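Breakdown of the fold
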Amino acid sequence: MEVKKPYIKSVPYEEWNDNESLEKIIDELHEGGVNVITGSLDRLINWGRANSLWSLTFATSCCGIEFMACGCSRYDFARFGFEVTRNSPRQADLIMCAGTITHKMAPALKRLYDQMAEPKYVIAVGGCAISGGPFKSSYHVVKGIEEIVPVDVFIPGCPPRPEAIMYGMMQLQRKVKIEKFFGGANHKQDAEEAALGVSNEELTFRSKLGDHRRERLQVGDGTSGIPIVVTDVPEEFVKELSGESAKPVKVEEAKA
Amino acid sequence: MKLEFLSFEFDKFAKEMQNLKEKKGFDYLVTIVGEDFGKSEGLGCIYILENTTTHERCSVKMMAKTQVCGDNMSSNGTGDTDGQAVSYIPTVSNIWRVADLLEREVYDFYGIVFLGHPDMRRLFLRSDFKGYPFRKDWKFNDKYSLEDDEEPDYGLEYFIDKDGCLQSKQNKLFTTDDYVINIGPQHPATHGVLRLQTVLEGEVVKRIYPHFGYIHRGIEKMWEDMTYPQTLALTDRLNYLGAMQHRHALVGVIEEAMGVELTDRIRYIRTIMDELQRLDSHLLYTSCVAQDLGALTAFLYGMRDREHVLNCMEETTGGRLIQNYYRIGGVQADIDPNFVKNVKGLVKYLRPMIQEYMDVFGDNVITHNRLEDCGPMSLADCVSYAVTGPAGRASGWKNDVRKNHPYDMYDKVEWEQCTLDTCDSMGRYLVHINEMYQSLNIIEQLIDNIPEGDFYVKQKPIIKVPEGQWYYSVEGVAGEFGIYLDSRGDKSPYRMKMRPMGLSLVGAFDPMLRGQKIADLIATCAAIDVVIPDIDR
């Protein structure tokens, strides 16, 4: 039996972004075929799970307001089964990490993630949660929550529009729809995983494919990321930086 | 406002500050700015004060003295800083109550201790944070740990003993019998990642210790490495519901320092945008009050109408929440051709809707019973704790910056400052409702008369601000939002400091809620309109 391609109503499969990653997950998870009985039961369970994703309200800043807007009249993500938000991690399926995570908040995020019951998912909403965003040069901001918890879906934007948030949540639905519950890696956190803070699925991936998270350049103490090189600097600025402070003023006057 | 500093002798400082309040009537402490003036001058503080009757402002500059803490001989062994060189300034927290938190902020960032302040703990950063990040000689370090922070259960109090030595002693925050619960940092009713450590006696609140910094991003420190146009991008991410006003304050201070003359068109557009933003914020506020008290219908109504306001702004600015619209010398783009028509439609639509919120929620007898006499605060306390904005106006304090220090078009249009004298949460809710009507009035008067002209006054590609210190404030959505700028003539600021709207509001929770039930904490928190990223910066 084949694993069916995840189907989302009224959006054709080809129109989704990043189908390759999804297919990779299908291949890895269902290596060696799928049992007809457990496979069918899996589909039933995944159908139920995917259409009732309860998120933990974890809104630290701006993105949280857009998340609220998603739940309200105009966008109304109750249409997809996302409308139940929980304030307790024990009752939630996923963390919508909507906002900047600072050093003081990082232990709290880690603990909330650890307290959630399996299966659990993480969505990183907005630039700050993905990479530190506009606060990348700050001394008190975690440069991407991936350093702390494994992330299933990234939703870029600052903040992402409600449409983008819904698209991201539907991508998560697709991911949930191909999971293997029976006869495979069952979602139960063991001691090793609890120590590492990653899901069982993630561990299986790492043992087979290595750490698939985005590569991080290890410089010196190991905390700094890939350096950003800016190329389109205005000419006046370059002169200014190199100490020719008299010239740019002349250039400006000539223009005016 | 260009700042001209008063300065006092160190020994007379506390007395002179007392004089300023009692004889000269400077009863509102706007903010305390900590600053590292460089190697030759050292650390110091700038106090910005306002007289609430004449609205006159003054500023005081005070340099810190440095001395080794403890006397090395008979150290009492209670302080963590014994044997270290510590900078100190006498406290003013007994004169203006709001200084309690403001001085802790300065201590957190600069390591200046305040003699006589009973509770010198860090305010934003973790208690195991090493060093003081805003000092110019601080070495950048962004390592972090996932271990829990072991917070001290005491605050240090510094004093000069009879031999002239700097000493410290511990003041316990709790007694052994206290029942302490933490509300936050992850709690749906705190509107973000605020943590309120609450001491309870049964269900009656005895004391509230606020903990901040769960969303502290160090924006002020980042600004010091940025050019002026770059600094603009971060203000929208403070109180994201007041993006326009925040940036208004920042471009305002830079333009004032540079002496930029704006065209009338820019002033009109900015005033209209500010008021649209205020509508957006107040709509979300009235929705959230309803939701926090369990009325979901009113929440959905408010959020529905908020989308209409966002539509109006989005067509011009391109952003829903983060607008990025103002820039130094004008605005980013001219208004959309449909802007005038849409805003007129919005004003027409919104007026009856505000009455609907009152029908659904505000006039409801349950709401009245729940919010009346909840979180009371008198006028005198409001001034002392610097509770600005709608919360202060509900106690009768006429503190609207738009009236007191008019900027842009606010002195050319007719509108009323909304005040009430109920001094409670119900009053705070009603002031917000009334302000929405006033915002509509302001917009109505301006929208038909937007003059022709440039929407941007051309600036040099590299913006340099002349030397000096400036403070510029606007009426933010929840109080006075101001920016202090110290320029050394460079292309990036030497020091910029915000006066956040919410810090003093949260500081006022403790006096408001002592002796009240813990459930009232949630109602008060909802009705006072705090947004945490604005406090933490």
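A quick note: this is a predicted structure, and the numbers were derived from the prediction, not measured.

What counts, and at which threshold
- Residues numbered from 1 in each chain as written.
- Chains lettered and ligands numbered in written order.
- Predicted model: local features only at pLDDT ≥ 70, side-chain atom pairs only at ≥ 80, totals over all residues.
- Helix = DSSP H or I, 4+ residues; strand = E, 2+ residues; numbered from the N terminus.
- Buried ≥ 20, exposed ≤ 12 C-beta atoms within 10 Å, placed from the backbone.
- Contact = placed C-beta atoms within 7 Å.
- Domains from an automatic or database assignment.
- Nonpolar A, V, L, I, M, F, W, Y, C, P; charged D, E, K, R; others polar.
- Core = buried A, V, L, I, M, F, W, Y, C linked by C-beta atoms within 7 Å.
- Pairing = 2+ DSSP bridges.
- Axes fitted to C-alpha atoms, helices over the stretch in contact; angles between N-to-C directions.

Turning our eyes to something else, we now look at the overall build of chain A. For chain A, the helix and strand inventory stands at 10 helices and five strands. When the 256 residues of chain A are sorted by exposure, 37% land in the buried category. Of the contacts formed within chain A by residues at least 6 apart in sequence, a portion of 77% connects residues at least 24 apart.

Residue and element names in this part refer to chain B. What the domain assignment reports for chain B is domain 1 (5-173) and domain 2 (219-536). Spacing between the C-alpha centres of domain 1 and domain 2 amounts to 30 Å. Each partner contributes residues to the interface: domain 1 has 18 residues there, and domain 2 has 18 residues. Put simply, the parts of the chain that give the side of domain 1 that touches domain 2 at least two residues each are β2 (28-36) and α2 (99-110).

This next bit is on the interface of chain B and chain A. One frequently used descriptor of interface size is the decrease in accessible area upon assembly of the parts. On the chain A side, the residues contacting the 38 residues of chain B number 41 residues. Of the residues assigned to the side of chain B that touches chain A, the class counts are 20 nonpolar, six polar and 12 charged.

We now examine the nonpolar core. Membership of the largest hydrophobic core comes to 205 residues, with the highest contact counts inside it found for Leu94, Cys97, Leu109, Ile123, Ala124 and Val125 of chain A together with Ile112 of chain B. Top contributing element to this core by residue count: helix α6 (residues 264-292) of chain B, with 13 residues. Residue contacts for Leu94 of chain A: discarding those within four places in its chain leaves Leu53, Ser55, Leu56, Lys120, Tyr121, Val122, Ile123 and Leu172 of chain A.

Before going further, it helps to examine the sheet that holds β2 of chain B. All names here are of chain B. Read across the open sheet, the four strands follow the order β1-β4-β3-β2; overall the sheet is mixed. Of all the strands in the sheet, just β1 (5-7) and β2 have a single pairing partner and so form its edges. In this sheet, neighbouring strand axes are inclined to one another by 30° on average, regardless of whether the strands run parallel or antiparallel. Pairing geometry for strand β3 (residues 43-50) and strand β4 (residues 57-63), over seven bridges, is antiparallel. Residue pairing across strands places Leu49 opposite Cys58, the latter belonging to β4. Lying over the sheet, α2 contacts β2 and β3, oriented at roughly 10° with respect to β2.

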